[in-house]
Amino acid sequence: MGATTPDSVVTTARLGTVLVVTVNNPPVNALSVAVRQGLAAAMAQAQADDAVAGVMLVGAGKAFIAGADIREFGKPAMPPSLPEVCRSIEDCSKPVVAVLHGAALGGGLEVALSAHYRLAIQNSSGGAKLGLPEVTLGLLPGSGGTQRAPRLMGVKAATELMLSGQHLSAKAALAAGLVDKLVEGDDAQAAGLAYVNELLAQNAPVRRTRDIAIPDPAAALAELEMLKADTARKTRGLFSPLKIIECVQAAVQLPFDEGMALERSLFLQCIDSPQRAGLIHAFFAEREAAKVPEARAAAPRPVASIAIIGGGTMGAGITVSALDAGYPVIMVERDAESIARGRANVEKVYAGLVAKGRMTEEAKAAVMARYTGSTSYDDLANVDLVIEAVFEDLEVKKAVFKELDRVCKPGAVLATNTSYLDIDAIAAATSRPQDVIGLHFFSPANIMKLLEIVVPAKVSAGVVATAFELARKLKKLPVRAGVCDGFIGNRILAVYRQAADYLMEDGASPYEIDAAVRDFGFAMGPFQVTDLAGGDIGWATRKRRAAARKPGDPKARYVEVADRICERGWFGQKTGRGFYLYPEGARVGQPDPEILAIVDAERAKKGITPRSFTADEIMRRYMAAMVNEGANVVHEGIALRPLDVDVTLISGYGFPRFRGGPMKWADMEGLPRLLADIEAFAKEDPLFWKPSPLLVKLVQEGKNFDSLNHSA
Ligand code: 3H9
């Protein structure tokens, strides 16, 4: 006997006395309205059919259920709601068993928590992955997760699970008490059926999670108070984490139904928050950024081995990233001493993991066995992909690429990690520009997620596809960028960093600017970042570029404060002094009156009468500069879509994820207001503040940046 919903996203089949309910809604079985309807209908069927003694809930494909259908948020809600579906599962008078063989996340786990028993499967593709990651989308578990998880796994562990958004393996879920049993094997359906039949044979009772009492409420509330203080400090400005704690407090203090009602009302508040819109935009943007025309047009080339040229900080970081992904890596340096240093740089990373207990000595030895150091380019003859990470100088890089052209096999991908140099010129140094591409990693390269894939004019689609495939293997977030000075990220950074300098010269202190930028949600302000990176970085470049500027150049206005600071040998944290003072190696800086005096002197030299700026005025300029250059970058085709700018700034430059990226932020603020701001600023400084033609066009057409996100 079998039944299906109209579009078959939920199917039912009776096997003996067990009603097998299968969710089949690719790619991840999200709980769309059709799935919710299908589940509700299946539960009604199970209840009504006397031949059914027990129910098994299972997911088709790779996932159990990855959660609510995120694409439905922000649209009118359609019945039945997920809490209603969960209630119908829990209410069932026959035992319901959830069989979890893949992602059981968010609403998916909430469905499982409403079942009476849970079986986790560990299989060859990893198996069950349980979590309540709603917080990462600006939400809280809104179908009983905040009420049921604490009853099953304890208040502290459940709250930590929800606050971290962490996924638990089958084994960890069993240890945490979230599942009743763990089975290994690839046939989830058979394992599940065996478990349900075993339970039925034992006359196992219907066990409703809502009936479990939370032990020692006073101790639980005390734990929650501690978590609350910690969370308020760690998640500055985020809305949903504290709401999660409120819900769990209700789970401890109130009857189940009242807790559910509170959860619902706070969930709806989260749904309405701009943070939800920003975080869900970021979620989809990260996935969309990996979809580029070249990857659709051509297959990636096979890559079984990687070479890195250069063993400095960047080269070593990229090496670690490639080793972590399982590749054998050859590192080439110019002499024995340099290669020894390069190897040491790589080993240092793994030694750190061993020291922290996050890696065993044996695992470290196994990884390092895939590393080879060499001083000869001739060792690269069979390598599939080379990443050059040498000194940032065009002539040096061209020389490296000439060598690579000489030794590498035909079809090898030749990549440069330059952060701003002309990759077309580097490609032209070889006889095979179709194989040359930019792979711009961010430091530390083994940790930072962003990878700008820079596409020069002559590169073949297959090489671009290879770069995107490599990013996937390295677990990076790839963004396609065109060739220009600074590509997407550094080009935009240069402009908003300049806006910060102008604000400082015009009257805001660096401390006021940093505070405003932090309050907006960045972890650090621009002057703190300078101190962290080292003020000397870029000092020489800055002076060289300033000298080359001509009147009329939009960057003609040059703020010399940072140069005055560098001239004193104050290079930031590493010298104990920069824009801030760092007494005795402190990492958090203190404002320095002498810096304010330097700023004053520079203003006086230029005849600038300082004026005051509110935090809002500071941020309007800072953001207008960022968004306007973002629009230019899209307009010129350097970024394919506004979402590529968003992903770049969030994952490489500390832009607050909950705001969705600068372009999403601009859409939410309204483009007409932004344009009006830029036009007003242009009255003071028409060279720097030039409205981007794209921004002007979108405002004229009454459109927003998001309208361009769906066209590539
Ligand atoms: C929630 O449940 C709220 C409830 O508490 C209360 C409700 C009342 N919806 O990541 P991938 C798409 S909030 C719609 O590349 P992977 C994704 O966009 C939800 N679509 O694969 C992509 O589409 P495309 C809580 C979704 O194997 C495709 O699936 N749940 C959803 O690397 C493949 O995704 C979460 O936060 C969704 N929920 O990773 C889990 N999820 O092919 C969010 C994915 O067109 N999801 N898609 O680009 C994930 O963490 C990962 O997708 C997962 C798979 C681990 C499942």
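Computed from a predicted model, the values in this text were never measured in an experiment. Sequence positions are assigned chain by chain, starting from 1 and proceeding in written order. Totals for whole chains, interfaces and linings use all residues, but because this is a predicted model, local features are given only for residues with pLDDT of at least 70 and pairs of side-chain atoms are given and counted only at 80 or more.

**Topic: the overall build of the chain**
Numbering goes from the N terminus for both helices and strands, where a helix is a DSSP run of H or I of at least four residues and a strand is a run of E of at least two. Looking only at helices and strands, the chain features 29 helices and 20 strands. Scaling as 2.2 N^0.38, a compact globule of 712 residues should have a C-alpha radius of gyration of about 27 Å, and the chain matches this with 28 Å. Considering only residue pairs separated by 6 or more positions, the chain has 73% of its internal contacts joining residues 24 or more positions apart. To get the radius of gyration, use the C-alpha atoms; to get the globule rule, take the number of residues to the power 0.38 and multiply by 2.2 Å. Here, residues touch in the contact sense if the C-beta positions derived from the backbone fall within 7 Å of one another.

**A look at unusual backbone geometry**
Cis geometry marks the peptide bond from Pro26 to Pro27; its omega dihedral reads 5 degrees. In the segment running from Ser443 into Pro444, the intervening peptide bond is cis, with an omega of -5 degrees. Positionally, Pro444 belongs in the loop between β16 (436-441) and β17 (450-455). Phi is positive for Asp216, close to 45 degrees, though the residue is something other than glycine. Mapped onto the elements, Asp216 comes out in the loop between α7 (188-201) and α8 (217-234). Partly exposed residues are those whose C-beta has more than 12 but fewer than 20 other C-beta atoms within 10 Å; 20 or more makes a residue buried and 12 or fewer makes it exposed, with C-beta atoms placed from the backbone. Judged by the 11 C-beta atoms lying within 10 Å of it, Asp216 falls in the exposed class. With a phi angle near 60 degrees, Lys475 is a residue other than glycine that sits in the positive phi range. With respect to the helices and strands, Lys475 occurs in the loop between α18 (461-473) and β18 (477-482).

**What to know about the environment of Gln528**
When you line up the elements, Gln528 lands in helix α21 (residues 526-533). On the basis of neighbour count, Gln528 is assigned to the buried category, with 24 C-beta atoms found within 10 Å. In this structure, the C-alpha to C-alpha distance between Gln528 and Val588, residues 60 residues apart in sequence, is 8.9 Å. Other than its neighbours up to four places away in sequence, Gln528 contacts Asp514 and Gly589.

**Some remarks on the nonpolar core**
For the purposes of this analysis, a nonpolar core is taken to be any set of buried Ala, Val, Leu, Ile, Met, Phe, Trp, Tyr and Cys residues that are connected through C-beta atoms within 7 Å. Counting 217 residues, the largest nonpolar core has Val97, Leu100, Val386, Ile437 and Ile453 as the members making the most contacts within it. When residues of this core are assigned to their parent elements, the largest contribution, 10 residues, is made by helix α25 (residues 615-635). As annotated, the domain borders come from an automatic or database domain assignment. A domain-level breakdown of this core finds at least three residues from each of domain 1 (10-272) and domain 2 (303-483).

**Here we look at the sheet that holds strand β9 (residues 168-169)**
A pair of strands is treated as paired once DSSP finds two or more bridges between them. One open sheet holds the three strands; their spatial order is β6-β8-β9, and the pairing between them is mixed. With one partner strand each, in any of the chains shown, β6 (103-105) and β9 form the two edges of the open sheet. Judged from the two bridges that link them, strand β8 (residues 129-131) and β9 form a sheet pairing that is antiparallel. Its bridge partner being in β9, Leu130 is matched across the sheet by Leu168. Axes, fitted as lines to C-alpha atoms, cover a helix only where it is in contact. Angles between the N-to-C directions of the axes lie from 0 to 180 degrees. Here helix α3 (residues 107-114) sits on the sheet in contact with β6 and β8, set at roughly 85 degrees to β6.

**Looking at the site of the ligand**
Any residue whose C-beta atom, as placed from the backbone, lies within 6 Å of a molecule or strand is termed near it. Taken together, 26 residues form the shell around the ligand, and within it Gly67, Ala68, Gly106, Gly107 and Gly142 come nearest. Side-chain classes are defined by residue name, with Ala, Val, Leu, Ile, Met, Phe, Trp, Tyr, Cys and Pro counting as nonpolar, Asp, Glu, Lys and Arg as charged, and the others, Gly among them, as polar. Within the shell around the ligand, the residues separate by chemical class into 15 nonpolar, six polar and five charged.

**Quick word on the pairing of strand β11 (residues 306-309)**
A two-sided burial pattern is seen for β11, the buried positions comprising Ile306 and Ile308 on one face and Ala307 and Ile309 on the other. Of the strand pairs in this sheet, β11 and strand β12 (residues 329-332) are connected by four bridges, and their pairing is parallel. Bridged to Ala307 within β12 is Ile330. Strand direction decides the pairing type here: β11 and strand β14 (residues 385-388), joined by four bridges, are parallel. Residue pairing across strands places Ile308 opposite Ile387, the latter belonging to β14.

**Some points on the sheet that holds β12**
Pairing within the open sheet is mixed, and its eight strands lie in the order β13-β12-β11-β14-β15-β16-β17-β18. Only two strands of the sheet have a single partner each, and these edge strands are β13 (371-374) and β18. Each neighbouring strand pair of the sheet contributes to a mean axis angle of 25 degrees, computed without reference to strand direction. The sheet contact formed by β16 and β17 spans four bridges and is antiparallel. Note on β17: the bridge partner recorded for Gly438 is Val454. Across the face of the sheet, helix α14 (residues 336-355) comes into contact with β12 and β13 while running at roughly 160 degrees to β13.

**Quick notes on the domain arrangement of the chain**
For interface size, the figure often reported is the accessible area lost on association. Assigned domains within the chain: domain 1 (10-272) and domain 2 (303-483). Once you take the C-alpha centre of each, domain 1 and domain 2 turn out to be 43 Å apart.

**Description of the pairing of β14**
Residues of β14 alternate between two faces, with Leu385 and Ile387 on one and Val386 and Glu388 on the opposite face, all of them buried. One ladder, built from four bridges, connects β14 with strand β15 (residues 413-416); its direction is parallel. Bridge pairing links Glu388 to Thr416 in β15.

**Notes on helix α24 (residues 593-606)**
The end-to-end C-alpha distance of α24 is 20 Å, a good match for the 20 Å that 14 residues give at a rise of 1.5 Å each. Taken together, the buried positions of α24 are occupied by Ile595, Ile598 and Val599. For α24, the angular spread of the buried residues around the axis is 95 degrees, confining them to a single face. For α24, exposure combined with an orientation more than 90 degrees from the buried face picks out Pro593, Glu594, Ala597, Ala601 and Ala604. Tucked inside the fold, the buried residues of α24 contact α19 (489-506), α20 (510-520) and α23 (561-567). Gly607 sits one or two positions beyond α24 and adopts a positive phi of about 70 degrees. Expected helix span is computed as 1.5 Å times (number of residues minus one). By definition, the arc is the one covered by directions from the helix axis to the C-beta atoms.

**Some remarks on the packing of helix α13 (residues 313-324) against α14**
For the pair α13 and α14, the least separation of the axes is 9 Å and the interaxial angle reads 55 degrees. Comparing the axis directions of α13 and α14 gives the class oblique. When the axes of α13 and α14 are compared, the crossing they make is right-handed. Judged by residue contacts, Thr313, Gly315, Ala316, Thr319 and Val320 of α13 engage Gly342, Asn345, Val346 and Val349 from α14. Classifying every residue of the contact of α13 with α14 gives four nonpolar, five polar and no charged. Here the word oblique covers every angle except those under 35 degrees (roughly parallel), over 145 (roughly antiparallel) and from 65 to 115 (roughly perpendicular). Note on convention: near helix rotated counterclockwise from far helix by under a right angle means a left-handed crossing. Clockwise means right-handed.

**What to know about helix α10 (residues 256-272)**
The periodicity of an α-helix, 3.6 residues per turn, causes residues three or four positions apart to be oriented the same way. Look at α10: 25 Å from first C-alpha to last across 17 residues, which is about the 24 Å you get at 1.5 Å a residue. By the burial criterion, the buried members of α10 are Gly259, Met260, Glu263, Leu266, Phe267 and Cys270. Looking down the long axis of α10, one finds its buried residues gathered within 135 degrees of arc, a one-sided arrangement. Seen from the open side of α10, the exposed residues pointing more than 90 degrees away from its buried face are Asp257, Ser265, Leu268 and Asp272. Buried residues belonging to α10 abut α2 (82-91), α4 (145-153), α9 (240-253) and α11 (274-289).

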